[in-house]
Amino acid sequence: MLKRVYLAATLLLTAGAAWSQNIYDTTKIPDALKQDAVAVVRNEEKFYDYRGVGSGTMRYKVVITVLNKAGDTYAEFAEVYDKFSTLYNIKATLYDAFGKKIKDFKSSDFRDQSLASDYTIFQDDRIKLLNVVSLSYPYTLEYSYSKDFNGILTLPSWRSIMGYHISTEKSSYAFQKPSNLNVRLLTSKDLKTDSALVKDKMVYTWTASNLPAYTREPLSVGLDKLISWVKIAPNQFEFDSSKGDLSSWNSMGAWISKLNEQGDLLPAAKKTMVQSLIKDAKTEKEKIQILYNHLQQNTRYVSVQLGIGGFKPIIAEKVAQVNYGDCKALSNYMKALLKEAGIQSNLVVIGNGMPELNRIYSSIGQANHMILVVPNAKDTTFLECTSQNYPMGYIGYDNSDRNVLMVTENGGQIIRTPKYRSLENYQKSKTE
């Protein structure tokens, strides 16, 4: 009897070992998931514990099989962190085509470097990187990590498919929050949301399985029109000693306006210069043109992103001294110049190269740029303050005809940028 029990236990352990070795066997991937795919997400698990308005923890694990060289980009580990987040428990393992473990990566294998871009003087974002090189295909990479947040403006989203030419075998996202802490959910059409109250926690869950890859096509409607996704936004927040309400575009605009209180004041010498520049201008339009030309000829774009500085403009007085700034600083500086000329203007938050703002769903992640608008009942003028060659009133084709957020003393207001018609699309040349 003992011999039979020992034999059964041995067989069970052997089967378990065989399963652990073969669980990522690429021959078991359904053919439908390989079609048009360069990589397959075998399993993705995301869990976020939203503990309070300023704190949360995310645990993430993903297993990706790379089918050919074109899929190598999906095997890269890249995770951003800053002084408001802590990245830890990072693990990575490489498997061969049959699911046999090749290598466990150590923490020293991950590069830790600054994420500052070439147009940024200083930025406090950093990134952990791991580039895996395999001499044969297919291969599988498994990696996981934990991340704590101390200061929250945004909450993690989820997509059922990572991108074009990558399929999904299994993916899930669980979001947990205290039952008395409100958030807003925005999901794709027909996505099922499972929810359950566990003690004093509300848990939302979304899952996807066996989704084939989509191929990239010119002039297509975009991947988010075809796949499932969920976005989550906080109502109240705490970030870098700043508190606010993001439950509406109006309240978000009020927060941005408060960040900029007393930020559009100019030094006395600059005020005198403004009056000298516009003394012969006969119309408001002429004044705007003169001051916009001055901005373009005397300032340049340089980015500095530190904490709340990613949202709060450098004060106009400082820009007047150094003659540079990012999109927020230059737009705010132009606002100060116009104010001295007696012209009222407003900062505008816009998603440059992104989809337009969703009127019914306010969140930080929908915008990445700031411009300026001079409201007028008959002839509203938008100004791109980072460009040294755009004509006055032109903000770029990608930023035309879309919802944007105008910041006022009474909060934010959704307005629409101008539409550039074919009649206005011309080039004028003069030759002597």
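Here, the structure is the one placed above.
What counts and what doesn't
Residues numbered from 1 in each chain as written. Predicted model: local features only at pLDDT ≥ 70, side-chain atom pairs only at ≥ 80, totals over all residues. Heavy atoms only, no water. Helix = DSSP H or I, 4+ residues; strand = E, 2+ residues; numbered from the N terminus. Contact = heavy atoms within 4.5 Å. Areas by Shrake-Rupley, 256 points an atom, 1.4 Å probe, with all protein chains shown as cover. Lys, Arg positive; Asp, Glu negative; His and termini not counted. Charge placed at Lys NZ, Arg CZ, Asp CG, Glu CD. Pairing = 2+ DSSP bridges. Axes fitted to C-alpha atoms, helices over the stretch in contact; angles between N-to-C directions. Polar contact = N/O pair within 3.5 Å; in protein donor to acceptor, adjacent residues only side chain to side chain.

### Quick notes on the overall build of the protein
- Of regular secondary structure, the protein possesses seven helices and 25 strands.
- Over its C-alpha atoms, taken along the principal directions, the protein stretches across nearly 105 × 60 × 45 Å.
- For the protein, contacts bridging at least 24 residues in sequence account for 69% of all contacts bridging at least 6.
- Total accessible area computed for the protein in this model is approximately 23400 Å², and 51% of it derives from carbon and sulfur atoms.
- Here the protein contributes 53 positively and 44 negatively charged side chains, and the mean placements of these two sets differ by 2 Å.

### Describing the environment of L330
- Note on placement: L330 falls in helix α7 (residues 327-340).
- Taking C-alpha positions, L330 is 40 Å from T215, a pair spaced 115 residues apart along the chain.
- Excluding residues within four positions of it along the chain, L330 makes contact with L295, T299, R300, Y301, V319, Y324, G325, C385 and T386.

### A word on the sheet that holds strand β22 (residues 369-374)
- Taken in spatial order, the five strands line up as β23-β22-β21-β24-β25 in an open sheet, and their pairing is antiparallel. Pairing within the sheet leaves two strands with one partner each, and these edge strands are β23 (381-383) and β25 (411-416). Pairs of neighbouring strands in the sheet enclose a mean axial angle of 35°, with direction left out of account.
- Pairing between strand β21 (residues 346-350) and β22: five bridges, direction antiparallel.

### As for the side chain of T26
- Its place among the elements puts T26 in the loop between α1 (2-22) and α2 (31-34).
- From its side chain, T26 meets the backbone oxygen of A97 in a polar contact 2.7 Å long.
- In this structure, T26 is in contact with K34, R42, T65, A97, P138 and T140, ignoring residues within four places of it in sequence.

Just geometry here; none of it tells us what the structure is for.
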